[in-house]
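Each chain is listed here by its residues.
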Amino acid sequence: MKAQWFSSVDQIGEAKWQEAIGETRYPFAQFAFHHALEQSKSIGDGTGWYPEYLLVIDDDDSPLAIAPTYLKTHSQGEFVFDWSWADAYQRYGMRYFPKRIWAIPFSPVTGVRLFSHLDPKGDDAAFSHLYPALAELMTSANQERAFSSWHLLFAKPEHAALFAPNKDLLHRISCQFHWFNRGYKDMEDYFSHFSSRKRKTARKEREKVAKEGITLTRTIGSDLTTADIDFFYLCYQSTYAKRGQQGYLTREFFGQLAANMGEQILLVQAFRGDEAIAASWCFFDDHSLYGRYWGCMEEVDCLHFEACYYQGIEFCLEKGLQHFDPGTQGEHKIARGFEPVFSHSVHYIAHEGFREAIGNFCEEEAEAVREYHQDTHEMLPFKQES
């Protein structure tokens, strides 16, 4: 096995990239996704995100796998929060940035972080030895450049477990809320598994939106018009503007995705009459729906639940998808049937003293996360026998 670093997807090329990842439908592995990030200038110069893709090749120089890593000069857009770690470094007069992350930019979605045609589903134990091997390579690369740390974010739990023998690596957990298809026929069948009170509440939420005269549509990305994408982007930026911020991703990013991987994109739009008032952008593959971006131009009670959750669940049931990852955080998801799951990250901290302190923090945090996971699990709307 050999490995090479590349600072852009074009240096690797689409043909070699797709040869490396094979037939996987995982949207965040696709050349088109990473190419759109670069070409739209959502990452690169001036953004604090500087790609360094790691291409693994065999002895005959045939591509085996790709690991997406980035040099970061800040901690925005990662969703595994290490602000306090950076602050501690600064207080001691030490440099935390740049650091390396091994992750999907702006996407708090658990999944494979080593894309390979040899392991298209990310569950081949024989292939998994590459994770710790690449971790050693990243550690060496960090040491050569005196970087503070590297961070593997939102790894699958079985992959995070592969790093356990290396005591210099720290394991961190957090809690998200995901929906799972338990063989439901349709929304009525799904709601029939709720307790009576929770079922009435869920139905009333959907009825509230309908009584406001609001209708919703679901459109696959390849069928989107320029006007659809323009309106969605207005909604996307409005979500950040309400917090006095600007969205990380550019209009060009979404346009390129619709053009080049539209068959894996779902746009939910809400209309009052002929006027669009809200939109939600998702990705999907053969197994899962991934809800990512949302915004509205008019505040309507329960519209967020309808556009971001109920419409997504309905889409999963229609398409036979087994899993819906709607994004990070949000206890409000529980009442709609999204179950608490652990998410996992792995961290290498070069400084021994900080490594010990951060390791203690991760252990204490994990205890609180496990308690929170148990507490929220008991808040699910399902009948006791479910």
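Residues numbered from 1 in each chain as written. Predicted model: local features only at pLDDT ≥ 70, side-chain atom pairs only at ≥ 80, totals over all residues. Heavy atoms only, no water.

J.: Describe the overall build of the chain, naming the residues involved and giving the relevant values.
T.: Broken down by element type, the chain carries 12 helices and 15 strands. Taken along the three principal axes of its C-alpha coordinates, the chain extends 60 × 45 × 45 Å. Within the chain, the proportion of its 386 residues that are buried is 58%. Within the chain, counting contacts between residues at least 6 apart in sequence, those at least 24 apart form 74% of the total. Summing over all exposed atoms, the chain offers an accessible surface of approximately 17100 Å²; the carbon and sulfur share of this is 49%. Counting 38 positive and 55 negative side-chain charges, the chain places the centres of these two groups 6 Å from one another. (Helix = DSSP H or I, 4+ residues; strand = E, 2+ residues; numbered from the N terminus. Buried < 20%, exposed > 50% of the residue type's maximum accessible area, 1.4 Å probe, protein only. Contact = heavy atoms within 4.5 Å. Areas by Shrake-Rupley, 256 points an atom, 1.4 Å probe, with all protein chains shown as cover. Lys, Arg positive; Asp, Glu negative; His and termini not counted. Charge placed at Lys NZ, Arg CZ, Asp CG, Glu CD.)

J.: Report on the layout of surface pockets, specifying residues and quantitative values.
T.: A volume near 890 Å³ is recorded for the largest pocket. With six residues, the top contributor of residues to the lining of the largest pocket is strand β13 (residues 288-296). Grouping the constituent residues of the lining of the largest pocket by class yields 17 nonpolar, 14 polar and five charged. Looking at the lining of the largest pocket, you find at least three residues from each of domain 1 (2-176 + 340-379) and domain 2 (182-321). (1 Å grid on protein atoms, 1.4 Å probe; cavity = no way out; pocket = protein on both sides within 12 Å on 5 of 7 lines; lining within 4 Å. Points joined across faces, edges and corners; volume = space filled by probe spheres on them. Nonpolar A, V, L, I, M, F, W, Y, C, P; charged D, E, K, R; others polar. Domains from an automatic or database assignment.)

J.: Give me the lowdown on the nonpolar core, citing residues and values where you can.
T.: Of all hydrophobic cores here, the largest spans 74 residues; its most connected members are F254, W281 and F283. Of all the elements, helix α9 (residues 226-241) adds the most residues to this core, at seven residues. Beyond its immediate sequence surroundings of up to four residues, F254 is in contact with I229, F232, Y233, Y236, L249, W281 and Y293. Core analysis: the second largest hydrophobic core is formed by 43 residues, F191, I277, F284 and Y309 among them. (Core = buried A, V, L, I, M, F, W, Y, C linked by side-chain atoms within 4.5 Å.)

J.: Got a sec to walk through helix α2 (residues 14-21)? Specific residues and values, please.
T.: Taken together, the buried positions of α2 are W17, A20 and I21. Projection of α2 onto a plane perpendicular to its axis shows the buried side chains occupying an angular sector of 90°, all on one side. Next to the buried residues of α2 lie α1 (9-12), α3 (31-39), β3 (53-57), β4 (63-67) and β7 (115-116). (Arc of directions from axis to C-beta.)

J.: Lay out the domain arrangement of the chain in plain terms, naming residues and giving numbers.
T.: Per the domain assignment, the segments of the chain are domain 1 (2-176 + 340-379) and domain 2 (182-321). Residue-level contacts link 21 residues of domain 1 with 19 residues of domain 2. Taken together, both faces of the contact between domain 1 and domain 2 bury some 1700 Å²; the carbon and sulfur share is 64%. Of all residues in domain 1, R25, P27 and F106 give up the largest surface area on contact with domain 2, accounting jointly for 33% of the area buried on that side. Seen at the junction of domain 1 and domain 2, the total is one salt bridge. Where R25 meets D286, a salt bridge forms, and the shortest distance between an N and an O atom there is 3.3 Å. (Buried area = accessible area lost by both parts, 1.4 Å probe. Salt bridge = Lys/Arg side-chain N within 4 Å of Asp/Glu carboxyl O.)

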